[in-house]
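Chain and residue survey
Listed below, chain by chain, are the residues.
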Amino acid sequence: MKKLLLTGFEPFLNHKVNPTELIVKELDGETIGNYEVIGRVLPVDYEEASPKLLKLVDEIKPDAVIALGLAAGRNKITPERVAINVNDGVKDNSGRVPVDQPIIEDGPAAYFSTLPIRQMVNALVEEGIPAEISNTAGTYLCNNVMYSVLHELEKRGEDLPAGFVHVPASFELGTQDGKLPCWPLKTIQEAVEVCIRTLD
Ligand code: PCA
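Below, the structure is looked at part by part. (Residues numbered from 1 in each chain as written. Predicted model: local features only at pLDDT ≥ 70, side-chain atom pairs only at ≥ 80, totals over all residues. Heavy atoms only, no water.)

**Re the site of the ligand**
The environment of the ligand is formed by Phe-9, Phe-12, Asn-18, Val-44, Gly-69, Leu-70, Tyr-140, Leu-141, Cys-142 and His-166. With respect to the ligand, the backbone of Leu-70 contributes an N or O atom lying 2.8 Å from an oxygen atom. In the environment of the ligand, an oxygen atom lies 2.9 Å from a nitrogen or oxygen atom belonging to the backbone of Cys-142. Within the complex, 94% of the 260 Å² of free accessible area of the ligand lies under protein. The cavity where the ligand resides is the largest pocket. Contributions of two or more residues to the shell around the ligand are made by strand S4 (64–70) and helix H4 (141–156). Partitioned by chemical class, the residues of the shell around the ligand number 7 nonpolar, 3 polar and no charged. (Near = heavy atom within 4 Å. Polar contact = N/O pair within 3.5 Å; in protein donor to acceptor, adjacent residues only side chain to side chain. Areas by Shrake-Rupley, 256 points an atom, 1.4 Å probe, with all protein chains shown as cover. 1 Å grid on protein atoms, 1.4 Å probe; cavity = no way out; pocket = protein on both sides within 12 Å on 5 of 7 lines; lining within 4 Å. Sits in = over half its atoms within 2 Å of the grid points. Helix = DSSP H or I, 4+ residues; strand = E, 2+ residues; numbered from the N terminus. Nonpolar A, V, L, I, M, F, W, Y, C, P; charged D, E, K, R; others polar.)

Written as structure tokens, this is what we have:
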């Protein structure tokens, strides 16, 4: 059985929960498609998130990596196409606010996802779940961990599929903010499962 490292993030900013944390905890230990899922939660911290993710990769030796994050305001499941070498965002959970910082000094400008993102979107739409490829993962923690893991795998010459999928807010977050597009947590989880099943 192949192993999938599936990460989510802890809550951040004014979001009292993070649906990705709840989903990776729920799916941890499950078998989906060809994969045993190993679900883990990452801190929303510029210094700690990617070291933790790379440590998990070393420990678990996964055959694929899908990192999940909340994109509050989006109304579709959005597999990310590209991660850029920039940290420039709002406050992380330790209060850091980097401005125009490279993630890796002298690193390449960007990395493309090596997940089957087109198949993911097609499979989701087929299931009646709104989805599209996103061409920006932002410059906050989600972009940071996607860039960091792709950089490390490239450096090591390892070609396992890895990348990032953003998900909409869940109902619990929507009740805090009446205007936020929000989905049932169950539907977001089903969407993640659909994405996992597209992996070989
Ligand atoms: N979403 C943020 C960071 C943590 C999360 O779940 C992002 O889109 O960068």
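There's plenty left to go through after this.
**A short note on the nonpolar core**
If you look at the biggest cluster of nonpolar residues, it comprises 35 residues, and the most contacted ones within it are Phe-9, Leu-53 and Val-145. Secondary structure elements with two or more residues in this core: strand S1 (2–9), strand S3 (35–42), helix H2 (49–60), S4, H4 and strand S8 (162–167). It is H4 that provides the largest number of residues to this core, a total of 8 residues. (Core = buried A, V, L, I, M, F, W, Y, C linked by side-chain atoms within 4.5 Å. Buried < 20%, exposed > 50% of the residue type's maximum accessible area, 1.4 Å probe, protein only.)

**Here we look at helix H6 (residues 185–197)**
Here H6 contains 13 residues, and its C-alpha end-to-end distance of 19 Å stays within 8% of the 18 Å for a straight helix at 1.5 Å per residue. Of the residues making up H6, those classed as buried are Ile-188, Gln-189, Ala-191, Val-192, Val-194, Cys-195 and Ile-196. (Expected span 1.5 Å × (residues − 1).)

**Structural notes on the sheet that holds S4**
A sheet is described by the order of its strands in space; here 6 strands give the open sequence S2-S3-S1-S4-S8-S5, paired in mixed fashion. Two strands in the sheet have a free side with no partner beyond their single neighbour: strand S2 (31–32) and strand S5 (78–79). As defined by bridge partners, S2 adjoins S3 across 2 bridges and the pair is classed as antiparallel. In the sheet register, Ile-32 faces S3, and the bridge partner there is Tyr-35. In the packing of helix H1 (residues 19–27) onto the sheet, the strands contacted are S1, S2, S3, S4 and S8, and the crossing angle to S1 comes to about 150°. (Pairing = 2+ DSSP bridges. Contact = heavy atoms within 4.5 Å. Axes fitted to C-alpha atoms, helices over the stretch in contact; angles between N-to-C directions.)

Everything listed here is a matter of geometry and, on its own, says nothing about what the molecule does.
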